[in-house]
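# An overview of the molecular structure
One-letter residues, chain by chain:
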Amino acid sequence: MAGTATVPPPAMNFERRQRKQVHGMPSDPADVSRKPQPDEAEDNAFFPSPYSLSQYTASRTDFDGVRHKGEYTGGKWKILVIATEERYVLLDNGKFFSSGNHPVEMLLPLHHLVEAGFEVDVATLGGNPVKLELWAMPNEDEAVLGTYEALKPKLKQPKHLTEVVARDLGADSDYLAVFIPGGHGAVVGLPTSEAVEKTLDWALSEDRFIITLCHGPAALLAAALGKTESPFKGYSVCVFPDALDEGPNIDIGYLPGHLRWLVADLLGKQGLTILNDTMTGMTHRDRNLLTGDSPLASNDLGRLAADALIEAVRTRA
């Protein structure tokens with residue numbers, strides 16, 4: 001399926017598809033502040049502005065059911081989630097963006113996989129609790145909330161990725177896929193981690209799946225550590241558009257400043273082909289690498305991943 005891309009119909013922008021259910025906000029977005037909101041837990045740290053949340057969050061996702069409910073009953077194959085334990089992203093102006101993993105980007109794809117019958121393990125670089133952007137939690141979405149409650153113990157006490165690499169990866173590993181969710185927190189630590197590099201090398205060598213979206217593909221940069229070129233050179237991927245982080249996300253107060261580097265830019269310099277320059281919910285499969293462009297891609301990426309993994313277990317049986 002290399003070279004196939006899907007774009008959800010029709011061209012609906014983020015504001016219309018993921019809109020507005022921010023409780024307590026004025027009904028007119030023009031009345032909502034565009035100033036990033038201070039995070040009192042850290043000096044010079046900021047959450048997204050109320051206006052940006054009115055545009056970028058919703059009480060429900062576009063989830064409309066799963067295709068493979070209960071189809072995998074083998075009990076062997078699992079999904080390894082590499083999540084972020086980092087809350088703060090340092091920007092080029094010295095401010096921090098209070099971030100983490102985006103809950104929709106993590107939990108909605110996992111909902112499709114869990115419902116299909118796959119078990120999930122969660123790991124972070126240091127074994128510390130997963131950080132989530134809870135301000136983006138769709139608080140009336142039963143699929144996302146149910147998966148969150150089911151996985152909360154593993155999010156609070158994840159595995160240490162270095163120990164997973166040492167003990168659980170090999171030709172006979174039970175992990176069929178590695179899932180790296182997005183959120184700006186994914187740009188901290190993961191792209192320079194030797195444990196992430198070893199995990200990606202293992203997945204490529206053992207014909208396992210790698211699933212990621214939005215800013216999660218930043219972790220693919222780690223695959224080039226210690227190598228003359230990235231093993232993903234020549235792959236095509238979807239990723240969060242750099243242009244949004246450079247302009248609109250600052251203009252509406254989602255970010256309190258510019259990122260110190262841009263994900264798509266660095267992936268392109270490593271020889272990957274970036275398929276999108278806008279955010280439409282695009283997903284793509286190139287070999288065993290499955291990617292999506294933004295939170296809008298979460299549902300379709302979950303379906304794409306469930307399709308691919310169910311097909312794989314049938315052929316491996």
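If you're wondering where the values come from, they're calculated on a predicted model, not measured in any experiment. (Residues numbered from 1 in each chain as written. Predicted model: local features only at pLDDT ≥ 70, side-chain atom pairs only at ≥ 80, totals over all residues. Heavy atoms only, no water.)

### As for the pairing of strand β14 (residues 289–292)
Neither face of β14 is exposed, since L289 and T291 on one face and L290 and G292 on the opposite face are all buried. Where strand β10 (residues 209–213) and β14 come together, four bridges link them in parallel fashion. In the sheet register, I210 faces β14, and the bridge partner there is L289. In this structure, strand β13 (residues 283–286) lies alongside β14, joined through four bridges in antiparallel fashion. When the bridges of β14 are listed, R285 appears paired with L290. Where β13 hands over to β14, the hairpin turn is made up of two residues, of which R287 adopts a positive phi near 55°. (Buried < 20%, exposed > 50% of the residue type's maximum accessible area, 1.4 Å probe, protein only. Helix = DSSP H or I, 4+ residues; strand = E, 2+ residues; numbered from the N terminus. Pairing = 2+ DSSP bridges.)

### Notes on the sheet that holds strand β2 (residues 37–38)
Read from one edge to the other, the open sheet built from four strands follows the order β2-β3-β6-β5, with strand pairing classed as mixed. Each edge of the open sheet carries a strand with a single partner, namely β2 and β5 (88–90). Relative to strand β6 (residues 96–98), β5 runs antiparallel, the two sharing three bridges. For Y88, the partnering residue across the bridge sits in β6 and is S98.

### Thoughts on the packing of aromatic side chains
Taken as a whole and assessed by the stated rule, the structure comprises seven aromatic pairs. Arranged with centres 6.4 Å apart and planes meeting at 50°, the rings of F97 and W135 form a pair that is tilted. Highlighted residues: F97 in strand β6 and W135 in the loop between β7 (119–124) and α4 (142–156), separated in sequence by 38 residues. Of the two residues, F97 and W135, both sit in the buried class. A ring pair is formed by F232 and Y235, whose centres lie 5.3 Å apart and whose planes are at 75°; its orientation type is edge-to-face. (Phe/Tyr/Trp six-rings, centres within 6.5 Å; stacked < 30°, edge-to-face > 60°.)

### Comments concerning the pattern of salt bridges
Applying the stated rule across the entire model yields 16 salt bridges. With a closest N to O distance of 3.3 Å, E229 and K233 form a salt bridge. (Salt bridge = Lys/Arg side-chain N within 4 Å of Asp/Glu carboxyl O.)

### Description of the confidence of the model for the protein
Chain-level statistics for the protein give a pLDDT mean of 92 and a share of 90% at 70 or above. pLDDT under 50 marks residues 1–27. Its contacts with residues more than four places away, or in other chains, come to 58 contacts. (pLDDT = per-residue confidence, 0-100. Contact = heavy atoms within 4.5 Å.)

### Notes on the nonpolar core
Of all hydrophobic cores here, the largest spans 48 residues; its most connected members are L161, V196, L200, L220 and F232. The set of elements that each furnish at least two residues to this core consists of α2 (50–56), β4 (78–82), α5 (161–168), β9 (175–180), α6 (194–205) and α9 (263–269). No other element matches the five residues that α6 contributes to this core. Aside from chain neighbours lying at most four places away, what touches F232 is L200, L204, I210, L220, A223, L272 and L289. Y72, L108, V120 and A308 belong to the second-largest nonpolar core, a separate cluster that totals 43 residues. (Core = buried A, V, L, I, M, F, W, Y, C linked by side-chain atoms within 4.5 Å.)

### A few points about α6
Here α6 spans 16 Å end to end across 12 residues, near enough to the 16 Å set by a 1.5 Å rise per residue. Among the residues making up α6, those that are buried are A195, V196, E197, T199, L200, W202 and A203. Tucked inside the fold, the buried residues of α6 contact β4, α5, β9 and β10. Capping the start of α6, S193 holds a side-chain oxygen 3.2 Å from the backbone nitrogen of A195, two or three residues further along. (Expected span 1.5 Å × (residues − 1). Polar contact = N/O pair within 3.5 Å; in protein donor to acceptor, adjacent residues only side chain to side chain.)

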